Amino acid sequence: MGDSVCSDIMKKRRAEFDRQTTETQITGSLTIDGEGKYDIDTGIPFFNHMLELLTKHALFDVTLKATGDLDVDYHHTVEDVGIVLGKALSDALGDRRGLARYGYSLLPMDDALAQVAVDLGGRPYLVYQINNRKRKIRDFELHILEHFFRSFCDQARMNLHIQQPYGEDVHHAYEAVFKGVARALYMACALDPRVKGVPSSKGRVEGA
Ligand SMILES: [Mn+2]
């Protein structure tokens, strides 16, 4: 796969989304080969911060505007943002030709560590093991982030293993998780000129 093919594929690795339900309304775009630029507003400051870190450290570009039934709680908005970003990533990856496919990271954030592994092989599976026991950051219930990552990897059709083995500071613990996912995705989404066709001995990626 020559450089011109690589740059052709890179140009196209972008997807737009517009999802309207009675619970949430989400519009925006995701570019894989970006510069880490973001314009994100979910109405939930802590969640905005985590999505900005994911975008910045994966070197994606993301615009996202979400409005939702926050008067109920944050559940629908957080889960639905996972759905649209996962689907956008899958759409932007296209047939996944020339992809590195696997990525991983060991991400330290002061006292906290995250270990993340990704396989963009087309099969959804989430392993989510968080050691930090804090349940909330301000009024944000942290357990709903598992829903975010499950929706994200189901729609992106990828294996995502997230472990956060230690780290007392809850803010550091989740920063390490989102930055860790970002660095693993950056590695897995890379185009490798030596990969001929799709990165699978089956000759196809599940669902592509
Ligand atoms: Mn922070």
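Before any of the text, the structure's been laid out above.
Residues numbered from 1 in each chain as written. Predicted model: local features only at pLDDT ≥ 70, side-chain atom pairs only at ≥ 80, totals over all residues. Heavy atoms only, no water.

1. A short note on the sheet that holds strand S10 (residues 159–166)
Part 1 of the argument: Strand order in the open sheet formed by 4 strands is S5-S6-S10-S7, with mixed pairing between adjacent strands. The sheet is open, and its two edges are formed by strand S5 (102–109) and strand S7 (125–130), each paired on a single side. Recorded for the sheet is a direction-independent mean angle of 10° between the axes of neighbouring strands.
Part 2 of the argument: Two strands pair when backbone bridges link them, and strand S6 (residues 112–119) and S10 are joined in this way by 6 bridges, in the antiparallel orientation. Within the sheet, the bridge partner assigned to Val118 lies in S10 and is Leu160.
Part 3 of the argument: Most of the contacts of helix H4 (residues 144–156) go to S7, to which it runs at about 155°, and overall it touches S7 and S10.
Part 4 of the argument: Set on the sheet, helix H5 (residues 170–188) makes contact with S5, S6, S7 and S10; between it and S5 the angle comes to about 150°. (Pairing = 2+ DSSP bridges. Helix = DSSP H or I, 4+ residues; strand = E, 2+ residues; numbered from the N terminus. Axes fitted to C-alpha atoms, helices over the stretch in contact; angles between N-to-C directions. Contact = heavy atoms within 4.5 Å.)

2. Some points on the coordination of the manganese ion
Tetrahedral coordination by four donors puts the ideal angle at the metal at 109.5 degrees, and octahedral coordination by six puts it at 90 or 180 degrees.
Part 1 of the argument: Around the manganese ion, the protein contributes the donor atoms His49 (NE2), His171 (NE2) and Glu175 (OE), which lie 1.8 to 2.2 Å from the metal centre.
Part 2 of the argument: Read from N- to C-terminus, the donor residues coordinating the manganese ion fall into the pattern H-x121-H-x3-E. Of this pair, His171 and Glu175 are both found in helix H5, 4 residues apart, which corresponds to roughly one turn of the helix.
Part 3 of the argument: Look at His171 and you get partly exposed, because its relative accessible area is 30%. (Donors = N, O, S within 2.8 Å, 3.2 Å for Na, K, Ca; no water. Buried < 20%, exposed > 50% of the residue type's maximum accessible area, 1.4 Å probe, protein only.)

3. Some points on the packing of aromatic side chains
Part 1 of the argument: As enumerated under the stated definition, the model contains 9 aromatic pairs in all.
Part 2 of the argument: Ring pairs connect the aromatic residues Phe46, Phe47, Tyr74, Tyr128, Phe140, Phe148, Phe149, Phe152 and Phe178, which therefore count as one cluster.
Part 3 of the argument: Taking NZ or CZ as reference, Arg183 lies 4.6 Å from the ring centre of Tyr186, over its face. (Phe/Tyr/Trp six-rings, centres within 6.5 Å; stacked < 30°, edge-to-face > 60°. Lys NZ or Arg CZ within 6 Å of the ring centre and 35° of its normal.)

4. Side note on the side chain of Thr77
Part 1 of the argument: Relative to the helices and strands, Thr77 resides in helix H3 (residues 75–93).
Part 2 of the argument: Not counting chain neighbours up to four residues away, the residues in contact with Thr77 comprise Thr24, Thr42, Ile44, Ala66, Gly68, Asp69 and Leu70.

5. Focus on the packing of H4 against H5
Part 1 of the argument: Between H4 and H5, whose axes approach to 13 Å, the crossing angle comes to 10°. The orientation of H4 relative to H5 falls into the category roughly parallel. Taking contact as the criterion, the partners of Leu145, Phe148, Phe149 and Phe152 in H4 are, on H5, Tyr174, Val177, Phe178, Val181 and Leu185.
Part 2 of the argument: Within the contact of H4 with H5, the residues separate by chemical class into 9 nonpolar, no polar and no charged. (Parallel < 35°, antiparallel > 145°, perpendicular 65-115°, else oblique. Nonpolar A, V, L, I, M, F, W, Y, C, P; charged D, E, K, R; others polar.)

6. A word on a negative patch on the surface
Part 1 of the argument: A cluster of acidic residues, Asp110, Asp111, Glu168 and Asp169, forms a negative patch on the protein surface.
Part 2 of the argument: Tracing the backbone through its elements, the reader meets Glu168 in the loop between S10 and H5. (Patch = residues over 30% accessible without salt bridge, like charges linked within 9 Å, V, L, I, M, F, W, Y side chains within 5 Å. Areas by Shrake-Rupley, 256 points an atom, 1.4 Å probe, with all protein chains shown as cover. Salt bridge = Lys/Arg side-chain N within 4 Å of Asp/Glu carboxyl O. Lys, Arg positive; Asp, Glu negative; His and termini not counted. Charge placed at Lys NZ, Arg CZ, Asp CG, Glu CD.)

7. Observations concerning the pattern of salt bridges
Part 1 of the argument: What the rule picks out here adds up to 10 salt bridges.
Part 2 of the argument: Lys87 is the salt-bridge partner of Asp91, the closest N and O atoms lying 2.9 Å from each other. Pair noted here: Asp91 and Lys87 are both in helix H3, with a separation of 4 residues, about one helical turn.
Part 3 of the argument: Across the pair Asp95 and Arg97 runs a salt bridge whose closest N-O atoms are separated by 2.9 Å.
Part 4 of the argument: According to the relative accessible area criterion, Arg97 is partly exposed, its value standing at 39%.

8. Some words on the packing of helix H2 (residues 45–58) against H5
Part 1 of the argument: Closest axis-to-axis distance for the H2/H5 pair is 7 Å, and the angle between their directions is 35°. For H2 against H5, the interelement crossing comes out right-handed. In this structure, H2 uses Phe46, His49, Met50, Leu53, Leu54, His57 and Ala58 to contact H5, whose residues at the interface are His171, Tyr174, Glu175, Phe178, Lys179, Val181, Ala182, Arg183, Leu185 and Tyr186.
Part 2 of the argument: Residue composition of the contact of H2 with H5, grouped by class: 11 nonpolar, 3 polar and 3 charged. (Left-handed = near helix turned anticlockwise from the far one by under 90°.)

Function cannot be read off these values alone, since they describe shape.
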